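Close look at the chain arrangement
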Amino acid sequence: MDRSSHPRSRRIAPVVAVAAAAALTLAGCSSSSGGKEAEEGAANASAGKATTPRMTVALVTHQAPGDTFWDTVRKGAEAAAAKDNIKLVYSADPNAGNQANLVQNAIDQKVDGIAVTLAKPDALKGVIGKAEKSGIPVVGLNSGLSDWKKLNMLEFFGQDESVAGEAFGKKLNEVGAKHALCVVQEQGNVGLTQRCDGVEETFDGKLDVQNVNGTDMPGVKSTITAKLKQDPSIDYVVTLGAPFALTAVQSIGDAGSKAKVATFDLNKDLIKSIKSDDIQFAVDQQPYLQGYLAVDGLWLYKNNGNYSGGGEQPVLTGPAFVDKSNVDKIGEFAAKGNR
Amino acid sequence: MSMTQQATPAVDTPPAPGRKQSDGRTRQRPLALRLLARPEVGVFLGAVAVLVFFLIAAPPVRDGSSMANILYQSSTIGIMALPVALLMIGGEFDLSAGVAVITSALTASMLSYQLTLNVWVGVIVALIVSLAIGAFNGWLLVKTGLPSFLVTLGTFLILQGVNLAVTKLVTGNVATDDISDMDGFTQAQKLFASSFEVGGVNVKITVVWWLVFAALATWVLLRTKYGNWIFAVGGNKHSARAVGVPVTFTKISLFMLVGFGAWFVGMHQLFSFNTVQSGEGVGIELIYIAAAVIGGCLLTGGYGSAIGPVFGAFMFGMVQQGIVYAGWNPDWFKAFLGVMLLGAVLINLWVQRTATRR
């Protein structure tokens, strides 16, 4: 049965392996219908096209693979690039050292502008200085609200996580929550921790924090269930990402709890749940806007010398609340996967 | 670990003739020691210890519905830990098992949604894809003679990239669309992700499947020719081949079995959560492997059981949820998990050492 001892088959094995790998990849692709790419093109907002000279902008984020949030940031950036006659080079790595290398890579490519997230500012300080030295304008987005000025960056587009958390806490008071649970899907993430801290700051009731493993959805589900069983007085579950809010709704059912769910960030499935009252509200930092404004800001600087925020203040993209009162309007855009 | 553990546990030692005490080798060892020598006993005691510990430390665990929740978490690990354990007994392991679960779920979801087909078509195609991934792993391994670490690390990376890129290409997003309103969804959900009441406690169907699969795997391992082949190829591939064991077939089919498990858990995730994020599943393969190792399977192959990983997975679910039920400071969550698991493995190791000494 085993023919690996044949010298001939041994020689062709790697070739077959590569072919099989390719076939595997193709097999995945062929399930796509042709109309999908057209839909993707149509989904982008379009506002004519600039006639300014072609420029290249690098967007370097700390995205973890497969995260819906960052996909929306990227779509915003792509929409701005398409409109501004910009070639957008997107790259991402959640590891700060690797992200710094990607910025270096952009410098080596001699791009006309760099947009970068500052989840770990210290690791990026060096390369950002290098970019500025070589005359490349750098803007910040999403994370790094407290550090972009120190690094002499041009502009910053994002949400103050603490401010968003504080707004969230106030909203919890309004809806009459007494005991909330803040579910952190990535233990040790600074931005996520700031959100929970912000909520605690303004929330009059009691706030507990629970870490879960974001890459294991069944695990997330049973951990929230367990926490609700452990403390039946919890009446609000606060999640920090849209997919986890939808899972929390199931956990509440499993635990036989009466708790309600509210969340940070949006996606299109969440819209339905807000309409059906499964989820009370979502605070939206408008990731599409962050990507869009960062790229557009670089274009404005290059072609018209503009500084968004006057070069002194950050441009805030959140917190915007989505609840039953405005969900229909936003739902139209979310259906395209852009909100 | 001592070499004495390499003995085939499938067959009991033949009863020693008479009671000659002159030579220790033929002496019948006390029943307790013989029991302890079985691969699943250490983990069984570990699991009982962890259970008792949390029954005392975390009052909510005493509730029936809490136990159902713990068993649910254990079952999603345990269903995959079973084929992973069989593969490990067969001398190989699979790093792609975690993302393969997501690959399967993505395949079923996107195929059904994009072509507007009955979801069962997606489910069947996903099964074929999952089995093919397993077959590819096994085939490449056997043909090239590369270690399974390298082969499955390659597949792990390929699948991780393909999951992301293809999902983005097909749906325009990095998560799949909601398929819960499509034909066949309700039936498939009954099979893969429903729940039922037992004495007022809501039990997830995956717990039942987990135990059914465990019974099946135990029977295959201990009572069939195929089970003997698994032990043989894991113990020594060359001598197994010399005595006529179809090594190639056994290894490839074991990888395909892991593919089957990935498909099943993937379908559970799809029909339980309606959509799938393409970045999920990374890192879970290590938990499957951990459950198998805690369950008494040797990383070097040739030794282990199917019931051991059941307790291994239970222990994992118990510790993970028990910490929450106990209401401990969540910052320490992973540290607690690690300490409890190491403790459990050490108990396991100590039991085996004690049992196999002399």
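Residues numbered from 1 in each chain as written. Chains lettered and ligands numbered in written order. Predicted model: local features only at pLDDT ≥ 70, side-chain atom pairs only at ≥ 80, totals over all residues. Heavy atoms only, no water.

Take the sheet that holds strand E6 (residues 179-184) of chain A next. Sheet strands associate in pairs through backbone hydrogen bonding, adopting either a parallel or an antiparallel arrangement. Residues and elements named next belong to chain A. Pairing is mixed across the open sheet formed by six strands, whose spatial order is E7-E6-E8-E9-E10-E12. Every interior strand has two partners, whereas the edge strands, strand E7 (206-211) and strand E12 (320-323), have only one. When strand polarity is set aside, the average angle formed by the axes of neighbouring strands in this sheet is 20°. Where E6 and E7 come together, six bridges link them in parallel fashion. Counterpart to Leu181 in the pairing with E7 is Asp208. Against the sheet, helix H6 (residues 161-174) contacts E6, strand E8 (236-239), strand E9 (260-264), strand E10 (279-284) and E12, and its axis sits at roughly 160° relative to E9. Across the sheet, helix H8 (residues 217-230) lies against E6, E7 and E8, angled at about 145° from E7, the strand it touches most. (Pairing = 2+ DSSP bridges. Helix = DSSP H or I, 4+ residues; strand = E, 2+ residues; numbered from the N terminus. Axes fitted to C-alpha atoms, helices over the stretch in contact; angles between N-to-C directions. Contact = heavy atoms within 4.5 Å.)

Counting 98 residues, the largest nonpolar core has Phe54, Phe271 and Tyr288 of chain B as the members making the most contacts within it. Considering every element that reaches this core, the biggest residue donor is helix H3 (residues 64-89) of chain B, with 13 residues. The contact partners of Phe54 of chain B, leaving out residues within four places of it in the chain, are Val61, Met318, Val319, Gly322, Ile323, Trp328 and Met340 of chain B. Residues Met217, Ile252 and Ala255 of chain A together with Phe273 of chain B belong to the second largest nonpolar core, which totals 29 residues. (Core = buried A, V, L, I, M, F, W, Y, C linked by side-chain atoms within 4.5 Å. Buried < 20%, exposed > 50% of the residue type's maximum accessible area, 1.4 Å probe, protein only.)

Right, let's talk about the confidence of the model for chain B for a bit. Residue and element names in this part refer to chain B. Looking at chain B as a whole, the pLDDT averages 87, with 91% of positions reaching at least 70. A low-confidence stretch, residues 1-16 stays under pLDDT 50, and its non-local contacts, those more than four residues away or across chains, total 26 contacts. Predicted as a complex, the structure gets a pTM of 0.80 and an ipTM equal to 0.79. (pLDDT = per-residue confidence, 0-100.)

Contacts between the two partners involve 57 residues from chain B and, on the opposite side, 52 residues from chain A. Interface area, chain B with chain A, both sides summed: about 4900 Å², of which 57% is carbon and sulfur. Between chain B and chain A we count five salt bridges in total. Close ionic contact of Lys272 of chain A with Asp178 of chain B constitutes a salt bridge, the shortest N to O distance being 2.9 Å. Summed over the shared surface of chain B and chain A, the result is 16 residue pairs in polar contact (both at pLDDT 80 or more). Going through the elements one at a time, H3, helix H4 (97-114), helix H5 (119-144), helix H6 (148-171), helix H11 (247-273), helix H13 (307-325) and helix H14 (333-356) of chain B are the ones with two or more residues in the side of chain B that touches chain A. The leading source of residues in the side of chain B that touches chain A is H6 of chain B, at eight residues. Classifying every residue of the side of chain B that touches chain A gives 27 nonpolar, 20 polar and ten charged. (Buried area = accessible area lost by both parts, 1.4 Å probe. Salt bridge = Lys/Arg side-chain N within 4 Å of Asp/Glu carboxyl O. Polar contact = N/O pair within 3.5 Å; in protein donor to acceptor, adjacent residues only side chain to side chain. Nonpolar A, V, L, I, M, F, W, Y, C, P; charged D, E, K, R; others polar.)

This paragraph deals with the UniProt feature "domain: Periplasmic binding protein" (unreviewed entry) in chain A. Under the UniProt annotation, "domain: Periplasmic binding protein" (unreviewed entry) lies at residues 58-300 of chain A. Overall, residues 58-300 of chain A shows 49% helix and 21% strand. The separation of its end C-alpha atoms is 15 Å. (UniProt positions renumbered as here; feature names shortened; annotations may be inferred.)

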